[in-house]
Amino acid sequence: MTGNAASAVETRNPRGWGWRMPGAPFVRSGQSHAQILAAWTMATMIVALAGIVLYGLSAAQVIAVAALTALATEASLSALAMRQVPGGLMHALVTGVLLGLTLPPTAPWFVAAAGGFLAILVAKWMFGGFGHHLWHPAVAGRVIVQFLFAQHLSFSQGLVQTPILAPGHLLVGQISAAVSIPAESYQGWSNTPLEDSPRAEAFLLERPVQVLRRMASGSLDVGFAEPWTTLLRDYLPPWKDTVLGTVPGGVGESCTIALVVVGMYLIYRGHLRWQVPVCVLASAALTAAILPVAVPHSSGALRMQWLPALVVEDKVPVGAAYVLYHVTAGQLMLCAFLLAGDMLAGPLTVRGQRYFAVGVGVIAMLMRLYGVLEGECYWAILIMNTFVPAIDRRTRRRPLAVEPAA
Amino acid sequence: MRRIADWMSWNQAFDGGLYLPDERARTARLPIERMAVGETLWVPLQVRGDEACEPVVTASASVLGGQLLAGGGSVGSAAVYAPTSGRLARFDRVWTAWHGFVRCAVLEPDGRDAWAEVRPFASATAAEEVREALPSAGIMCDRSGRSLHAVLVSARSARADVLIINGLETEPYLTVALRLLVERGVEAVGAARRLGEVGGFRRTVLAVSQRHRRLVRRLRDIARTSGVEVVPLPDKYPQCHPLLLIHVLLDRRIAAGGSAIDAGVCVISTATLAAFSQWMATGRPPVTRVLTVAGGAVARPGTYEVAIGTPIARVLERAEASDGVECVVSGGPLTGVAVARSDAVVSVLDTAVLALEAAPRPGPVPCVRCGWCIEDCPVGIDPTSLVQLEGRSACSAEELLALRSCIDCGLCTYVCPAELPLAESIARSRARFSSRAEVPT
Ligand code: SF4
Ligand code: SF4
């Protein structure tokens, strides 16, 4: 039996309901930070697994290197600082895996290692460690390596093709054995034959996000007759592929279905608020639906097409399909379900998280349509992370009690 | 399901709060069981923390049940009565859960249970007559430790116009109000009507849990012509707190740190109502407490009626608590107090005795910013930023307001996944900063 009367007297509420002693409440909800971290670890691992299936062992290497460096950095830093936070290692593991998910499967090992190291050192420990950092460590790590290793990361070089394992070669195939497929002759992941080069195990394609960015800037040759139909038919893979994830992209960026499933799991467990992914996706879709895209005009010049979502060509609502592609093409799903909902780097209240999520969606889409920087969704998260203290200040709950009369 | 119920009754809910695990499955249907008095009773002579009652009998006198033992000096002050007849052996000190060591009268019951001459009220007694007799009734309100008479007097001087009978128990385990309303529903409604008349209230509301639909229907039937409103409310914790009852039922707000009386409302617990009802019917002062005895370490949980002054250990023994009980709590698991000594006795303030299995408490980690404490706080303050006051020497007016408006419900600590002692820290800061604010500068 614990407690003593002296402290009870000291902490009693002079006017109120009763007396309290250190000790009450005597029951707990049973939700502990360890459980939350375990659920998040599991969620990221499932998405990582999907990435490994889609991109083979190179993806496994990227994830493993990023996770192990993050773990090693955390372990050595906490040993150095002689400050052990329970759950610190677990958090580093999640951070490392999340970082791996944002990197392309072709990233060299030292890029993943540097990312894991910098994510923990710069984004986490330089801000005071677990529970004190401003920016999401994994996202910050990814953005830093994007600058440091631009020449090693295919995504930083504009018009490039990146690999995806072909049917029949999932999980065990080598993405280095890839053949380039011209966009026009690509019939979708399951319908395109690889037979002309028997040693090939993967397709080299342009990432859907890249196609959409080029469309927005008007550098895609879609003709003026039916530009949207051409975009969908010739340049983009079938929409089903972007849902299943069988399109090129970052390790964890493409597999929409895995991200939705783990997101639902986290929401079900109460570790992610449903408002976050819903607001990110809805605001991004709305932004893409409204903001103009440069399409060729019959005169040869470009014209700005406002409200692209409403475009109908030949009785087909191609505009709506275009918006759907924006949502599932890559990155956005990962951000909405696993990165924006991070507890430590997001606002505290539901209301704040709604503002945060809307900000992420809108900024990501603006940067995708008109920006030049790669990794637009990651930038959006970092930008909104910076505003979290301000959001927190402005989204306090209204207290129930009123000011006592003087 | 319960969330849907909450959503459907959206007009009757407050923001925040939480549906806690029920833990009542085994006890809700068991009738109240009367526990025989033991060999010795240590009747505490102190009801409030700041006011000991002066004995009016001398040691080694023999007393009758219901005889005044101590207090009752001034009108409406606390009074202590003998739970049964017997010999008053001596005066001593005894431990109570809520006030620590207090003076007590050691009573050795003679087993006859002879009662002093008492006078019940006829059902037609005028309200004035009851009101005049009330100061000597010795009915104590649990929680506040004030006599019912004193509460009614302050309600009258504050022009309170509504009487709320709190039939809700939203904390896990507790079954006292439920059992009292199930078994003594007719009496309870009648007493509520009388109490409304005696106190001169315009409205009398009986708040009950909407989950017990049969009970609600029955009470509504009973109360049809009595003018008592039976209002079912969701079971969301801490709906049972007076402040939230007032907010939800009447849409009135209380100033931070104020009490229900300030908002013109008198909130009375079901146990107090039952005591009033018994006093009206028999003229006997309340000398027992109805206690929920439950918890993971108890083999025979139930609702027991126990004489005041019975050792808590005896109550636990009766309920077949396992031997190595580590954590005994008086009151609900979220707002109760740890029973610090195993020789403690039952006092007026106890509403439950819970033998809980001490939960493993991993050490706190830094706040993981889940925001649950903010989301679930029933009064809309921000516990996670208020803990930062711990190391500071000053606090802003806004923060002081927040500290004062905390109702000590303990939900923030309950939900915090980082195991931070938020509620304790807020209570500490409030004690520190309130006392500082009251020192004239
Ligand atoms: S104890 Fe106070 S701060 Fe914590 S949830 Fe309850 S009212 Fe809010
Ligand atoms: S519940 Fe605990 S961990 Fe969550 S925000 Fe509040 S203090 Fe932080």
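Residues numbered from 1 in each chain as written. Chains lettered and ligands numbered in written order. Predicted model: local features only at pLDDT ≥ 70, side-chain atom pairs only at ≥ 80, totals over all residues. Heavy atoms only, no water.

## Section: empty space enclosed by the protein
All names here are of chain B.
Next up, step 1: Evaluation of the coordinates by the stated rule reveals 16 cavities of 30 Å³ or more.
Next up, step 2: There is about 310 Å³ of room inside the largest cavity.
Next up, step 3: If you trace the largest cavity, you find 22 residues lining it, with Pro286, Val287, Thr288, Arg289 and Ile308 closest to the centre.
Next up, step 4: Sorting elements by how many residues they give to the lining of the largest cavity places helix 8 (residues 270-282) first, with 5 residues.
Next up, step 5: Looking at the lining of the largest cavity residue by residue, the class counts come to 15 nonpolar, 4 polar and 3 charged. (1 Å grid on protein atoms, 1.4 Å probe; cavity = no way out; pocket = protein on both sides within 12 Å on 5 of 7 lines; lining within 4 Å. Points joined across faces, edges and corners; volume = space filled by probe spheres on them. Helix = DSSP H or I, 4+ residues; strand = E, 2+ residues; numbered from the N terminus. Nonpolar A, V, L, I, M, F, W, Y, C, P; charged D, E, K, R; others polar.)

## Observations regarding the pattern of salt bridges
Residues and elements named next belong to chain B.
Next up, step 1: Under the definition given, this model contains 36 salt bridges over all chains.
Next up, step 2: As a salt-bridge pair, Glu108 and Arg87 come within 3.5 Å of each other at their nearest N and O atoms. Note that Glu108 is positioned in strand 9 (residues 100-109) and Arg87 in strand 8 (residues 86-96), a separation of 21 residues in sequence.
Next up, step 3: For Arg87, a relative accessible area of 38% corresponds to the partly exposed category. (Salt bridge = Lys/Arg side-chain N within 4 Å of Asp/Glu carboxyl O. Buried < 20%, exposed > 50% of the residue type's maximum accessible area, 1.4 Å probe, protein only.)

## What to know about the packing of aromatic side chains
The geometry of an aromatic ring pair comes down to the distance between the two centres and the angle between the two planes.
Next up, step 1: With the rule as written, the count across this model stands at 9 aromatic pairs over all chains.
Next up, step 2: The structure contains a cluster of three or more aromatic residues connected by ring pairs, namely Trp109(A), Phe110(A) and Phe149(A).
Next up, step 3: The ring of Phe91(B) has Arg103(B) lying over it, and the distance from NZ or CZ to the ring centre is 5.4 Å.
Next up, step 4: The aromatic ring of Phe14(B) is capped on one face by Lys236(B), whose charged end is 4.7 Å from the ring centroid. (Phe/Tyr/Trp six-rings, centres within 6.5 Å; stacked < 30°, edge-to-face > 60°. Lys NZ or Arg CZ within 6 Å of the ring centre and 35° of its normal.)

## Some points on the nonpolar core
Next up, step 1: Core analysis: the largest hydrophobic core is formed by 144 residues, its most contacted members being Leu101(A), Phe203(A), Leu338(A), Ile164(B), Ile246(B) and Leu249(B).
Next up, step 2: Ranked by residue count, the leading element in this core is helix 2 (residues 33-55) of chain A, at 11 residues.
Next up, step 3: If sequence neighbours within four positions are ignored, Leu338(A) has contacts with Trp40(A), Ala43(A), Thr44(A), Val47(A), Leu98(A), Leu101(A), Leu259(A), Val262(A), Leu266(A) and Met333(A). (Core = buried A, V, L, I, M, F, W, Y, C linked by side-chain atoms within 4.5 Å. Contact = heavy atoms within 4.5 Å.)

## Looking at the packing of helix 13 (residues 332-339) of chain A against helix 15 (residues 376-386) of chain A
Residue and element names in this part refer to chain A.
Next up, step 1: Interaxial distance between helix 13 and helix 15 falls to 8 Å at its minimum, and their mutual angle equals 35°. The element helix 13 and its partner helix 15 pack so that their crossing is right-handed. The residues of helix 15 that touch helix 13, namely those facing Leu332, Leu334, Cys335 and Leu339, are Cys377, Tyr378 and Ile381.
Next up, step 2: Across the contact of helix 13 with helix 15, the residue classes tally to 7 nonpolar, no polar and no charged. (Axes fitted to C-alpha atoms, helices over the stretch in contact; angles between N-to-C directions. Left-handed = near helix turned anticlockwise from the far one by under 90°.)

## Focus: the site of ligand 1
Residues and elements named next belong to chain B.
Next up, step 1: Around ligand 1 there are 14 residues in total, and Cys377, Cys406, Cys409, Gly410 and Cys412 lie nearest to it.
Next up, step 2: Elements that contribute at least two residues to the shell around ligand 1 include exactly helix 13 (411-415) and helix 14 (422-438).
Next up, step 3: Of the residues assigned to the shell around ligand 1, the class counts are 12 nonpolar, 1 polar and 1 charged. (Near = heavy atom within 4 Å.)

## What about the environment of Ala119(A)?
Residue and element names in this part refer to chain A.
Next up, step 1: Within the secondary structure, Ala119 sits in helix 5 (residues 109-124).
Next up, step 2: Overall, Ala119 belongs to the buried group, its relative accessible area being 1%.
Next up, step 3: Put simply, Ala119 and Glu206 are 87 residues apart on the chain and 28 Å apart in space, counted from C-alpha to C-alpha.
Next up, step 4: Sequence-distant contacts of Ala119, defined by excluding residues within four places in its chain, comprise Thr95, Lys124, Pro137 and Gly141.

## Let's talk about the site of ligand 2
Next up, step 1: Around ligand 2, the structure places 13 residues, and the nearest of them are Cys367(B), Cys370(B), Gly371(B), Cys373(B) and Cys416(B).
Next up, step 2: The residues that come close to ligand 2 belong to more than one chain, namely chains A and B.
Next up, step 3: Here the shell around ligand 2 is composed, by residue class, of 10 nonpolar, 2 polar and 1 charged.

## Quick word on unusual backbone geometry
Residue and element names in this part refer to chain B.
Next up, step 1: At the junction of Tyr237 and Pro238, the peptide bond is cis and its omega measures out at -5° in the coordinates.
Next up, step 2: Inspection of the secondary structure assignment puts Pro238 in the loop between strand 12 (228-233) and helix 7 (242-250).
Next up, step 3: Phi angles above zero are rare outside glycine, and Glu320 is one such case at about 55°.
Next up, step 4: Structurally, Glu320 is set in the loop between helix 9 (312-318) and strand 16 (327-330).
Next up, step 5: Among the residues examined, Glu320 registers a relative accessible area of 43% and is labelled partly exposed.

## Details of the side chain of Thr175(B)
Next up, step 1: Inspection of the secondary structure puts Thr175(B) in the loop between strand 10 (162-167) and helix 4 (176-183).
Next up, step 2: The contacts of Thr175(B), once residues within four sequence positions are left out, are Arg24(B), Thr27(B), Ala28(B), Glu169(B), Thr292(B) and Thr303(B).

## Section: the confidence of the model for chain B
Next up, step 1: Considering every residue of chain B, the mean pLDDT works out to 87; 93% of them sit at 70 or more.
Next up, step 2: On the interface metric, ipTM, the complex scores 0.86, and its pTM is 0.88. (pLDDT = per-residue confidence, 0-100.)

## Notes on the domain arrangement of chain A
All names here are of chain A.
Next up, step 1: By the assigned domains, chain A splits into domain 1 (33-148), domain 2 (161-206) and domain 3 (208-392).
Next up, step 2: Domain 1 puts 9 residues into the contact, and the matching count from domain 2 is 7 residues.
Next up, step 3: Approximately 710 Å² of surface area, both sides summed, lies buried where domain 1 meets domain 2, with 70% of it carried by carbon and sulfur atoms.
Next up, step 4: Across the contact surface, domain 1 and domain 2 share 0 salt bridges.
Next up, step 5: Linking domain 1 with domain 2 are 2 residue pairs in polar contact (both at pLDDT 80 or more).
Next up, step 6: Every element with two or more residues in the side of domain 1 that touches domain 2 is listed here: helix 2 and helix 3 (57-81).
Next up, step 7: Of all the elements, helix 2 adds the most residues to the side of domain 1 that touches domain 2, at 4 residues. (Domains from an automatic or database assignment. Buried area = accessible area lost by both parts, 1.4 Å probe. Polar contact = N/O pair within 3.5 Å; in protein donor to acceptor, adjacent residues only side chain to side chain.)

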